[in-house]
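The primary structure of each chain is shown beneath.
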Amino acid sequence: MIAPGTMMTVAMSRLLRDGETAFHGVASPMAMVAILLAQRTHAPNLVYLNITGSIDPHPDRLPISTVGPELLRGSRALVTLADLFDLSARGRLDTAFLGGAQIDGQGRINLSAIGDYARPKVRLPGGAGSAALMPTAGRVILWRTKHDRRSFVERLDFVTAAGNVDRVVTPLCVFIRRDGSLAVESIHPGVAPETVVASTGFAVETDAATAITEPPTETELRLLAEIDPNRVIDSEFRTSG
Amino acid sequence: MRDKLTSMTDAIAVVADNQTIALGGNTLHRGPSAAAHELIRQGRRGLEIVKTAGAYDVDLLCGMGVASSVSAGFIGFETAYGLAPSYRRGVERGTVEAREHACYTVIAGLRAAIQGIPFMPVAGMTGSDVPAARGFRSVVDPYSGRSVVAAPAIMPDVAIIHVQESDRQGNARIIGTRFEDVLMAQAARRVIITAERIVDGATFEAMPEVVAIPGFMVEMVVEAPRGAWPCSCAGAYEQDDAFLAEYVAASQDADRLHAFVRDHVLTHDPVSV
């Protein structure tokens, strides 16, 4: 059995391209590790950007808070968060990793509130930079550590952000957005197709012909253990909103 | 330039009820925690807090009745500790107003204030409910005819920024990430610097480029060793995870929070001189 955090992080990592600029924000251990893994595997020339403003850091210890000063280590230059939003605004940020407490069938996200917006049942943290980044980044990769009908919904309680979503990675599958709608691209090994359908609040189609996500290779598993020996990625399963 | 070294008590005394206060730092890192504690001691009420992404300082000020609105893109303790309990409770019960932003609209609003103009056009924001929820309007580009969201200017009454080093004139050095602190200092009417250590300003003469905030923009300087605690302060100390776990647990309930703050927060900071 492949740990869901491992499968998700590896799947996210493989979506990155060599030579591109890739960014993650706060509360993003999996995106942080996915980027570091991609740099060690197929994307050595990827430019790693994050909220500390460091560029291509070589952290010797990974923070759970993905704005931590641990991410300054090894960086040879320092920019500001404003610089990074500006980069995206002028179309020079290739890939942004973003999350959502709720995600709909168009890949739009809610990170603002559950229930009535003015007097919510649950006030969520807010979308951070997502409303600005989702329409301006070249593409957006979403991830969510819970795949259930409360997370993947027919209708969002509030649209925090919408835009250039390309893929959504979950513990069960990878969605790809085609013609504006999410479709199942691959199902993780050991997950039944009917589980994906039953766990998703919007209509999706799967069948026996749906692709299976390629399991992590020995090299990916070894590098993942080197990069993240304390499994900070698993912190996302403890507290995801 | 004049000597601006001030006690924490006297510096925070300039903050008036119902003002807009920008807090430097980001989530669990280099926030002006000791200054936030002093705002609680002095019983300030009705503050609007401005920050791109906040955690301990914002949650604490909401829970202790100091803040009544928060203009920010993100308030939470990230994956280590999850949602911000007192902020969440305040918004859900209607005692705290979430003035939701994208972090970039906070930056754009500060930039408008810095440039002395009423708003700043900001890219993106299409398809989001945030502009309508917040009453952010759009303007038409007079050249292309295209519509763009206009973030209103944010001019904080006071910016409170914790740094590693400042001289007595307020020339402030930030080691590591500056976050939005320089923008806040430029946009605000008044600037309070709290510093891990007060240094001889002559040392900056050999390397003035390390100074992030020039002293002439600063009104007061407070010596505040461990002034970001329990947040991290790059080059000085890491975040206090054990304390933050206790804080988040106490923050789940208003009565527990008040007792915790009385016994474990307000007792912590060194008595200012």
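Just above, that's the structure.
Structure report, in brief.

Rules and cut-offs
Residues numbered from 1 in each chain as written. Chains lettered and ligands numbered in written order. Predicted model: local features only at pLDDT ≥ 70, side-chain atom pairs only at ≥ 80, totals over all residues. Helix = DSSP H or I, 4+ residues; strand = E, 2+ residues; numbered from the N terminus. Buried ≥ 20, exposed ≤ 12 C-beta atoms within 10 Å, placed from the backbone. Contact = placed C-beta atoms within 7 Å. Arc of directions from axis to C-beta. Pairing = 2+ DSSP bridges.

1. As for the environment of Ala188 of chain B
Residue and element names in this part refer to chain B.
- Mapped onto the elements, Ala188 comes out in the loop between α8 (181-187) and β12 (190-198).
- Its 26 C-beta neighbours within 10 Å are what place Ala188 among the buried residues.
- Ala188 sits 80 residues away from Ala108 along the chain, and the two C-alpha atoms are 14 Å apart.
- With near-sequence residues (within four places) excluded, Ala188 lies in contact with Ala22, Pro156, Val158 and Ala159.

2. Observations concerning helix α6 (residues 218-227) of chain A
Residues and elements named next belong to chain A.
- Buried residues of α6: Glu220, Leu223, Leu224 and Ile227, and no others. One side of α6 holds all its buried residues, which, seen down the axis, span an arc of 105 degrees. Facing away from the buried side of α6 by more than 90 degrees, the exposed set consists of Glu218, Arg222, Ala225 and Glu226.
- As for α6, its buried residues are in contact with α1 (4-14) and α2 (29-40).

3. Focus on unusual backbone geometry
- In the segment running from Trp229 of chain B into Pro230 of chain B, the intervening peptide bond is cis, with an omega of 10 degrees.
- Topologically, Pro230 of chain B is positioned in the loop between β14 (220-223) and α9 (241-250).
- Look at Asp56 of chain A: it is not a glycine, yet its phi comes out positive at around 50 degrees.
- Note on placement: Asp56 of chain A falls in the loop between β2 (47-50) and α3 (81-89).
- Asp56 of chain A gets classed as partly exposed once you count the C-beta atoms within 10 Å, which come to 16.

4. Brief notes about the pairing of strand β4 (residues 67-72) of chain B
All names here are of chain B.
- Across four bridges, strand β2 (residues 47-50) lies against β4 in parallel orientation. From the neighbouring strand, Leu47 faces β4, where its bridge partner is Ala67.
- Where β4 and strand β6 (residues 97-100) come together, four bridges link them in parallel fashion. By the bridge assignment, Ala72 is partnered in β6 with Glu100.

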